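Topology and contacts: notes
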Amino acid sequence: MGREFKSSIMLFFTSIIWGLAFVAQTQGMEFIGPFTFTAVRSFVAIIFLYLTYLFFNKTSKSYREQKFDMKKTIRGGILCGLVFTFGINFQQFGLVYTTAGKASFLTALYIVFIPIIGLFFGKRINRKLLLCIVLAMLGTYLMSVKGSLSMNRGDFITIMGAIVFSIHILMLAEFSVDTNAVLVSLFQFAICGIISFLAALIFEEINISAILKSYIAILYVGVLSSGVGFTIQLMALKELDPLIASMISSLESVFGAIFGWLILSQSMSKREIIGAVIIFIATLIAQLPIESYLKKIFDR
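Here is what the cut-offs are and how they apply
Residues numbered from 1 in each chain as written. Predicted model: local features only at pLDDT ≥ 70, side-chain atom pairs only at ≥ 80, totals over all residues. Heavy atoms only, no water. UniProt positions renumbered as here; feature names shortened; annotations may be inferred. Axes fitted to C-alpha atoms, helices over the stretch in contact; angles between N-to-C directions. Helix = DSSP H or I, 4+ residues; strand = E, 2+ residues; numbered from the N terminus. Parallel < 35°, antiparallel > 145°, perpendicular 65-115°, else oblique. Left-handed = near helix turned anticlockwise from the far one by under 90°. Contact = heavy atoms within 4.5 Å. Phe/Tyr/Trp six-rings, centres within 6.5 Å; stacked < 30°, edge-to-face > 60°. Buried < 20%, exposed > 50% of the residue type's maximum accessible area, 1.4 Å probe, protein only. Polar contact = N/O pair within 3.5 Å; in protein donor to acceptor, adjacent residues only side chain to side chain. pLDDT = per-residue confidence, 0-100.

Under an unreviewed UniProt entry, the protein chain has the name Drug/metabolite transporter (DMT)-like permease and belongs to Peptoniphilus gorbachii. As its UniProt record puts it under Sequence similarities (unreviewed entry), the protein chain is described as follows: "Belongs to the EamA transporter family."

Here it is in structure tokens:
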């Protein structure tokens, strides 16, 4: 089994974790505010990642002897943490005004924004990706824009988060080389936790008893979604192209909608379902090697 295939499998299971995380994030805010939830989940992730680092250092000789650039690891964690803080809080605030299933699909738009951002670095968009962008925008319109051409506040905030997450993925790809994945994640969540905690002190009322009422959602998102999921993503980006990795990760949109329906009874209208399907098709077409298949057919 090749390393790329293993990384793809790991990201697939991570997309399941992230899909369920949308439900946990929604339920977690029944008692606490968005900034408080993000801060606490980040602190849980820090503890988990630190214990994970100590465990591997103690039990694995190869892990202890792994060579990496500590300065790049710290710098990557800090820079990625600053960007991640905006992305995750956009997402968290979006869930106040929109459903888990809808938010998961709109978040998956990062698969479209990544090649657009690449234009600013001289990377051209081919016709296939241009088609995907058009399809994704159509799907977003069907899901989010009502008859008055106005978008739900939560939809707009979530799309802003998707733009930030696309930048975050590209940055993770850059800092996935010559760094320690666990430590990059640890520093990332340290930055996110500190900033979100300060924001919670200013804009929200921090109540310990309210936090404890949300402990199940916080533990799930803190340990699995944050600690495990984002570390796996960083490890996978060592082997996979960012676009391919983002395509696999975008399957969180499917699982987010499924779990939102099963657990939260959040139904979607026919129009929204059609829009979601179009977005999902666009994310798949973006990475399918259509050009190579067509070339083989025409070369026969």
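This part is about the packing of helix 9 (residues 181-203) against helix 11 (residues 215-236). A pair of packed helices is captured by two measures, namely the crossing angle of their axes and the spacing between those axes. Where helix 9 meets helix 11, the closest approach of the two axes is 9 Å, and the angle between their N-to-C directions is 125°. Between helix 9 and helix 11, the angle is such that the two are oblique. Of the two elements, helix 9 crosses helix 11, and the hand of that crossing is right-handed. Between helix 9 and helix 11, the residues in contact are Ala 181, Val 182, Val 184, Ser 185, Gln 188 and Phe 189 and Ser 226, Phe 230, Thr 231, Leu 234 and Met 235, respectively.

Another point: the packing of aromatic side chains. In the structure shown here, the tally under the stated rule is 12 aromatic pairs. Ring centres of Trp 18 and Phe 230 lie 4.9 Å apart, and the angle between their planes is 40°; on these two criteria the pair is classed as tilted. Of this pair, Trp 18 sits in helix 1 (residues 3-28) while Phe 230 sits in helix 11, placing them 212 residues apart in sequence. Accessibility expressed as a relative area gives 6% for Trp 18, which makes it buried. When the ring of Phe 35 is compared with that of Phe 93, the centres are 5.0 Å apart and the planes differ by 65°; the resulting orientation is edge-to-face.

Now for the side chain of Thr 36. Tracing the backbone shows Thr 36 in helix 2 (residues 34-59). A relative accessible area of 2% means that Thr 36 is categorised as buried. Only 2.7 Å separates the side chain of Thr 36 from the side chain of Glu 204, close enough to count as a polar contact. When sequence neighbours within four positions are dropped, the list of residues in contact with Thr 36 reads Ala 200, Glu 204, Ile 206 and Ile 211.

Mapped onto this numbering, the UniProt entry gives "transmembrane region" (unreviewed entry) at residues 38-56, 77-97, 103-121, 181-203, 215-237, 243-264 and 273-290. Across residues 38-56, the secondary structure splits into 100% helix and 0% strand, with the terminal C-alpha atoms separated by 27 Å. Taken end to end, residues 215-237 is 96% helix and 0% strand, and its first and last C-alpha atoms sit 31 Å apart.

Of the residues in the protein chain, 92% reach a pLDDT of 70 or more, and the chain-wide mean stands at 85. Of all the helices and strands in the protein chain, helix 15 (residues 290-299) carries the lowest mean pLDDT, 55, while helix 9 carries the highest, 96.

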